Protein chains: 2
Amino acid sequence: MSELPRAERRRRTERRILDAARELFAERGFERTTIRAVAQAAGVDPALVMQYFGSKQELFSAAVRVAPAPVAGLGPEELVEQVLASLGMKLGELPQASLAMMRSMLTHPDAAASARATLSGQIAQIGASMSGEDARLRAALMTTIMLGVTVGHQLLELDELRDVPPEEIARLLRPCLRALTGPDVP
Amino acid sequence: MSELPRAERRRRTERRILDAARELFAERGFERTTIRAVAQAAGVDPALVMQYFGSKQELFSAAVRVAPAPVAGLGPEELVEQVLASLGMKLGELPQASLAMMRSMLTHPDAAASARATLSGQIAQIGASMSGEDARLRAALMTTIMLGVTVGHQLLELDELRDVPPEEIARLLRPCLRALTGPDVP
DNA sequence: GCGTTGAGTCAACGAGCGTAGAGCGAAAAG
DNA sequence: CTTTTCGCTCTACGCTCGTTGACTCAACGC
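Residues numbered from 1 in each chain as written. Chains lettered and ligands numbered in written order. Predicted model: local features only at pLDDT ≥ 70, side-chain atom pairs only at ≥ 80, totals over all residues. Heavy atoms only, no water.

Caption draft 1: Looking closely at the overall build of chain A. Looking only at helices and strands, one finds nine helices and zero strands in chain A. Buried residues in chain A amount to 51% of all 186 residues. For chain A, the proportion of contacts with a sequence separation of at least 24, taken over those separated by at least 6, is 68%. Split by element, the accessible area of chain A, about 8,900 Å² in all, is 51% carbon and sulfur. (Helix = DSSP H or I, 4+ residues; strand = E, 2+ residues; numbered from the N terminus. Buried < 20%, exposed > 50% of the residue type's maximum accessible area, 1.4 Å probe, protein only. Contact = heavy atoms within 4.5 Å. Areas by Shrake-Rupley, 256 points an atom, 1.4 Å probe, with all protein chains shown as cover.)

In structure tokens:
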């Protein structure tokens, strides 16, 4: 039917499966997403998904594998703006891999481990850009604050946050985060 | 074996089932918790759980049914303290019913609806205690902030937040919430 | 051309799940 | 003591899931 070379055809199919998996994992989470549903969304036989990824768990790992956005920090000012920018991105088009990971992080052990690693990395980066005794703790709070806002907006889709422009949220959140960066500028 | 009256025996068994259900739902979420596991933890036959609660869904509803702590607000000062106190409770002995609801809110549709209702109620209460144009939005951000910190601490159990006394977290979070209450005192 | 490789399908297995109904034995009612 | 009630168990059904191995057929190397 199609006259594509085998390697290209293979890559495209694999990508279709991964895209479908990301979308379904982000929408329903790990447990409620079935291999059969992913295969159907990708227009493929369920056995092929297994053949390519080995198991549902490995499919999930491959689907949520994404490069975490680095927070190269300088002063507190830029730090807050960068964190807020990551929220702006999150409120806009947060990559579906991240949504998939967040959706499952409370119920799927591997997603929880992945989320912990990602968040700890972000906390370490933010903490390194701050000074003060409890910089690490303040960085952790900044991160969990962003996590909560993102969860409430993107996953729970709270009415009070829906249809609110990201800049408005960022504007209100800015002094809130400033209160955590500490008084001193490194 | 036991010589308890029937009504009392029934009530105790039902309570044992509900306690086991709450613990397992809080620990593993809705989908990973099986009726069989709840029954075993309660020392009871799985069919009895069905007989008492009708379905797994109704068992979950009964398990997470809990009176939401009211936030009777006055001025911004008391408001912040009250929200932080609710966090203090949350970081201490947050009722397992709430943990069960939070654990499942991202993957189980009914838990999501329940969480939305609870959070919206809290947002409305906080918003009613504040003045200003976007009081509702600021209340929503306060609520999601607390949600994020609670999730990161209680459910994800981030290393950076573990072993941190609640007062320390409350101390750092206080100016953060103050920045959202707005300048005016009603 | 021709055998080989590999993408993709088909049918099915085994396990675990939520759930239903019959039955048992002790407490309550008479 | 007899009958009824009901807390509780046992067994099993039906379904869906992840996963597997045999198969088909078009693309590839020679």
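Caption draft 2: Structural detail: the relation of the copies chain B and chain A. For the pair chain B and chain A, the relating rotation is 180°, the translation along its axis is 0.0 Å, and the fit reaches an RMSD of 0.1 Å. Accordingly, the operation relating the two chain copies is best matched by a two-fold axis. Taking C-alpha positions as reference, the residue of chain B nearest the rotation axis is Gly-148 of chain B, located at 1.7 Å. When the interface residues of chain B are mapped onto chain A, 100% of them are again interface residues, pointing to one common binding face. (Least-squares fit on C-alpha atoms with pLDDT ≥ 70 in both.)

Caption draft 3: Fine view of the environment of Thr-143 of chain B. All names here are of chain B. Among the secondary structure elements, Thr-143 is positioned in helix H8 (residues 135-155). Counting along the chain gives 49 residues from Thr-143 to Leu-94, while the straight-line C-alpha distance between them is 16 Å. Look past the residues within four positions of Thr-143 in its chain and what remains in contact with it is Leu-119, Gln-122, Ile-123 and Ile-126.

Caption draft 4: Broad picture of helix H6 (residues 96-104) of chain B. Counting buried residues along H6 of chain B, eight of its nine residues qualify, which places the element largely inside the surrounding structure. Every buried residue belonging to H6 of chain B is among Ala-97, Ser-98, Leu-99, Ala-100, Met-101, Met-102, Arg-103 and Ser-104 of chain B, and all of these are buried.

Caption draft 5: Region of interest: the interface of chain B and chain A. Each partner contributes to the interface: chain B provides 46 residues, whereas chain A provides 46 residues. Summing both sides of the interface, chain B and chain A together bury roughly 3,900 Å²; the carbon and sulfur share of this comes to 73%. Its largest share of buried area at the contact with chain A, chain B owes to Leu-106, Leu-156 and Glu-160 of chain B, together 19% of the area lost on that side. Applying the counting rule to chain B against chain A returns four salt bridges. In this structure, Asp-134 of chain A and Arg-171 of chain B form a salt bridge, with 3.2 Å as the shortest nitrogen-oxygen distance. (Buried area = accessible area lost by both parts, 1.4 Å probe. Salt bridge = Lys/Arg side-chain N within 4 Å of Asp/Glu carboxyl O.)

Caption draft 6: Fine view of unusual backbone geometry. Phi is positive for Asp-163 of chain A, which is not a glycine, with a value near 65°. With respect to the helices and strands, Asp-163 of chain A occurs in the loop between helix H8 (135-155) and helix H9 (166-181).

Caption draft 7: Representation of the protein's contact with DNA strand C within the structure. Near DNA strand C, the surroundings consist of 22 residues, among which Arg-6, Asp-45 and Tyr-52 of chain A together with Arg-36 and Lys-56 of chain B are the closest. Considering the 4 Å shell around the protein, atoms of DNA strand C inside it are sugar or phosphate in 64% of instances. Arg-10 of chain A is positioned such that a nitrogen or oxygen atom in its side chain is 3.2 Å from a phosphate oxygen of DNA strand C. A distance of 3.1 Å separates a phosphate oxygen of DNA strand C from a polar backbone atom of Ile-35 of chain B. Every element with two or more residues in the surface near DNA strand C is listed here: helix H1 (6-28) and helix H3 (46-53) of chain A together with helix H2 (35-42) and helix H3 (46-53) of chain B. In the surface near DNA strand C, the residues fall into eight nonpolar, six polar and eight charged. (Near = heavy atom within 4 Å. Polar contact = N/O pair within 3.5 Å; in protein donor to acceptor, adjacent residues only side chain to side chain. Nonpolar A, V, L, I, M, F, W, Y, C, P; charged D, E, K, R; others polar.)

These values are about where atoms sit, not about what they do.
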